Amino acid sequence: MSSSSLSGVKSLAIVTLAMAAAVGVALAFEYIGGYIPCELCLLERKPFYAGVVIGLVALLASAKLPPAALRLVLVLLGVVMLVSAGLGAYHAGVEWKFWEGPSACGATTGAAFGAGGNILEQLNTIHGPSCTEAALRVLGISFAGWNAIVSLAFALFAFSTARSTAPRVLKNA
């Protein structure tokens, strides 16, 4: 395995681990912190889920993949994270009332169900958060805003490492 391929594998592992950690933090806020996600919050997680699967499959196959394929996977993960950044920016814009969000916006998680009783009755009493209200702001930025920032950082890292692991001939093109 060449040094550029090894660097590609390390970069791929870093991006995949970072995406898994980010979605892990979101799940921890939901299940440990009690923050019920809205419809857009759940949608924002999907690029992370897809990216982690793509990254893990590529890591498992990395011994047989040529360096060019690893660079292509890094570019693909960068694009996936750009989609996530776009979703986060859209959601943050909805929270700041820059534009309207989806008409059907409520939580779809089962985390708030009680231990006993009729689940159908509980469904009528549980109302998820609106996509227009930020559950928490850290340094003035909501979860959606942080998702946009983090996703953009992951995308830039994936793109820059894909470029830096390219052979010299491609760098000058």
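Please refer to the structure placed before this passage.
Residues numbered from 1 in each chain as written. Predicted model: local features only at pLDDT ≥ 70, side-chain atom pairs only at ≥ 80, totals over all residues. Heavy atoms only, no water.

J.: Describe the overall build of the protein, listing the residues and the values that go with them.
T.: Looking only at helices and strands, the protein has six helices and two strands in total. Listing every helix and strand of the protein by position from the N terminus yields α-α-α-α-β-β-α-α. Within the protein, buried positions represent 31% of all 173 residues. Taking the contacts inside the protein whose residues are at least 6 apart along the sequence as the reference set, 77% of them involve residues at least 24 apart. Summed over all atoms, the accessible surface of the protein reaches about 9,800 Å², with 70% contributed by carbon and sulfur. (Helix = DSSP H or I, 4+ residues; strand = E, 2+ residues; numbered from the N terminus. Buried < 20%, exposed > 50% of the residue type's maximum accessible area, 1.4 Å probe, protein only. Contact = heavy atoms within 4.5 Å. Areas by Shrake-Rupley, 256 points an atom, 1.4 Å probe, with all protein chains shown as cover.)

J.: Describe the packing of aromatic side chains, with residues and values.
T.: Under the definition given, this model contains five aromatic pairs. Their ring planes at 65° and their centres at 5.8 Å tell us that F29 and Y35 sit as a pair that is edge-to-face. Since its relative accessible area comes to 28%, Y35 is described here as partly exposed. Ring centres of Y90 and W99 lie 6.4 Å apart, and the angle between their planes is 5°; on these two criteria the pair is classed as stacked. Relative accessible area serves as the criterion here: at 31%, Y90 is assigned to the partly exposed category. Residue classification places W99 among the partly exposed residues on the basis of a relative accessible area of 42%. Linked through ring pairs, F29, Y35 and F143 together constitute an aromatic cluster. (Phe/Tyr/Trp six-rings, centres within 6.5 Å; stacked < 30°, edge-to-face > 60°.)

J.: Got a sec to walk through the pattern of salt bridges? Specific residues and values, please.
T.: Considering all chains together, one arrives at one salt bridge under this definition. For E30, the salt bridge goes to R45, with nearest N and O atoms at 2.8 Å. Of this pair, E30 sits in helix α1 (residues 3-31) while R45 sits in helix α2 (residues 39-60); the two residues are 15 residues apart in sequence, bridging distant segments of the chain. Judged by relative accessible area, E30 falls into the buried class, the value being 5%. Overall, the relative accessible area of 9% leaves R45 in the buried class. (Salt bridge = Lys/Arg side-chain N within 4 Å of Asp/Glu carboxyl O.)

J.: A description of the environment of R163 should follow, citing residues and the corresponding values.
T.: Topologically, R163 is positioned in helix α5 (residues 143-164). Taking the C-alpha atoms as reference points, R163 and G8, separated by 155 residues in sequence, lie 9.8 Å from one another.

Note that every value here comes from positions in space, so none of it alone points to a role or purpose.
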